[in-house]
Amino acid sequence: MPPAPKSGDALFASVDRVNAELFTLTYGAIVRQLLTDLEEVEEVNKQLDQMGYNIGTRLVDEFLAKSNVSRCVDFKETADVIAKLGFKMFLGVTATVTNWDAEGTSCSLVLEDNPLVDFVELPDTCQGLQYCNLLSGVIRGGIGNVILSNVVLKLFQNAYSQLPETLTVNMVSMKTEVTWVRDMLRGDDAYEMRVKLIKQIPEEYPYKDDD
């Protein structure tokens, strides 16, 4: 029987962390350097999102290894796990999942606390800056790699001796779009990201038993 998934607080305690103030100031320095190098605010937004995406794809393995969470089986479960456990593990805060559409393909992640923005005040020249766009990229990268089909989960729940010599694993890669709806740096009452599932892309990986 697999171990039970860990709580958000237990996950947060299990991760090596840097000083929160140092983390915030370092991120601020990165954003400022990007503004200097790229000059255009929209280009900085794109770069922060891409940086976050690359980080998100790499954090998934650590998250799954430490959380005891099986790979999620659908978009709703994935959003819930990232909001309640992923954010807690790496940022020490949790997000609320709300405002689902009727199709279950779009929702909001709401943060009332955001450690990236301590000591931050946007000047008038940076009003188009999505300062926390790194988070939207992390979510895109994380969601795209945390999902696994029901069929595969059922197969791996069986004893390994019961698996066929050649097994085709049906993975599902999810493409999502993440946009900022509310931002406390602009006077809103919370940080809200709208996460929309664009499409699911089945991918097949053949596994062979070398024995």
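Conventions used here
Residues numbered from 1 in each chain as written. Predicted model: local features only at pLDDT ≥ 70, side-chain atom pairs only at ≥ 80, totals over all residues. Heavy atoms only, no water. UniProt positions renumbered as here; feature names shortened; annotations may be inferred. Helix = DSSP H or I, 4+ residues; strand = E, 2+ residues; numbered from the N terminus. Buried < 20%, exposed > 50% of the residue type's maximum accessible area, 1.4 Å probe, protein only. Areas by Shrake-Rupley, 256 points an atom, 1.4 Å probe, with all protein chains shown as cover. Salt bridge = Lys/Arg side-chain N within 4 Å of Asp/Glu carboxyl O. Patch = residues over 30% accessible without salt bridge, like charges linked within 9 Å, V, L, I, M, F, W, Y side chains within 5 Å. Lys, Arg positive; Asp, Glu negative; His and termini not counted. Charge placed at Lys NZ, Arg CZ, Asp CG, Glu CD. Contact = heavy atoms within 4.5 Å. Phe/Tyr/Trp six-rings, centres within 6.5 Å; stacked < 30°, edge-to-face > 60°. Lys NZ or Arg CZ within 6 Å of the ring centre and 35° of its normal. Core = buried A, V, L, I, M, F, W, Y, C linked by side-chain atoms within 4.5 Å.

Under an unreviewed UniProt entry, the chain has the name Trafficking protein particle complex subunit and belongs to Miscanthus lutarioriparius. UniProt, in its Subunit (unreviewed entry) section for the chain, records the words "Homodimer."

On a plain count of helices and strands, the chain comes out with 6 helices and 4 strands. In the chain, which comprises 211 residues, the share counted as buried stands at 40%. If you sum the accessible surface of the chain, you get close to 12,200 Å²; carbon and sulfur atoms cover 49% of it.

On inspection of all chains with the given rule, the structure shows 6 salt bridges. For the salt bridge of Asp80 with Lys84, the shortest nitrogen-to-oxygen distance reads 3.4 Å. Of this pair, Asp80 and Lys84 both sit in helix α4 (residues 75-91), separated by 4 residues, roughly a single helical turn. Where Arg182 meets Asp189, a salt bridge forms, and the shortest distance between an N and an O atom there is 2.5 Å. According to the relative accessible area criterion, Arg182 is partly exposed, its value standing at 23%. For Asp189, a relative accessible area of 57% gives the class exposed. Taken together, the salt bridges that share partners define one network made up of Arg182, Asp189 and Glu192.

A cluster of acidic residues, Glu21, Glu112, Asp113 and Asp118, forms a negative patch at the surface. Mapped onto the fold, Asp118 is located in the loop between β2 (106-111) and α5 (133-143).

Residues spaced three or four apart along an α-helix face the same direction, because each turn holds 3.6 residues. α5 sits mainly inside the fold: 10 of its 11 residues count as buried. Turning to α5, its buried residues number three or more, namely Asn133, Leu134, Leu135, Ser136, Gly137, Ile139, Arg140, Gly141, Gly142 and Ile143.

The topology assignment puts Thr94 in the loop between α4 and β1 (96-98). Sequence separation between Thr94 and Ala83 is 11 residues, and the spatial gap between their C-alpha atoms is 5.8 Å. Discounting residues that sit within four places of it in the chain, Thr94 has contacts with Ala83, Lys84, Phe87, Lys88, Val110 and Leu111.

Moving on, we come to the packing of aromatic side chains. Overall, the coordinates contain 3 aromatic pairs when judged by the stated rule. Ring geometry for Trp180 and Tyr191: centres 6.5 Å apart, planes at 80°, overall edge-to-face. Taken together, the residues Trp180 in strand β3 (residues 166-182) and Tyr191 in strand β4 (residues 191-208) connect sequence positions 11 residues apart. You can call Trp180 buried: its relative accessible area is 15%. In this structure, Lys76 packs its charged tip against the face of Trp100, placed 5.3 Å from the ring centre.

A separate point is the environment of Ile82. Mapped onto the fold, Ile82 is located in helix α4. What makes Ile82 buried here is its relative accessible area of 13%. Here the alpha-carbon distance between Ile82 and Ile139, two residues 57 residues apart in the chain, equals 7.8 Å. With sequence-adjacent residues up to four places away left out, Ile82 is seen in contact with Phe87, Gly142 and Ile143.

Formed by 36 residues in total, the largest nonpolar core has its most connected members in Phe87 and Tyr131. Of all the secondary structure elements, the ones that give two or more residues to this core are α2 (20-38), α3 (41-67), α4, β2, α5, β3 and β4. Counting residues per element, this core draws most heavily on α4, which supplies 6 residues. Here Phe87 is in contact with Ile82, Gly92, Val93, Thr94, Ala95, Leu109, Leu111, Ile139 and Met193, once residues within four sequence places are set aside. The next biggest cluster of nonpolar side chains, apart from the first, holds 6 residues, and it includes Phe63, Leu64, Val81 and Met89.

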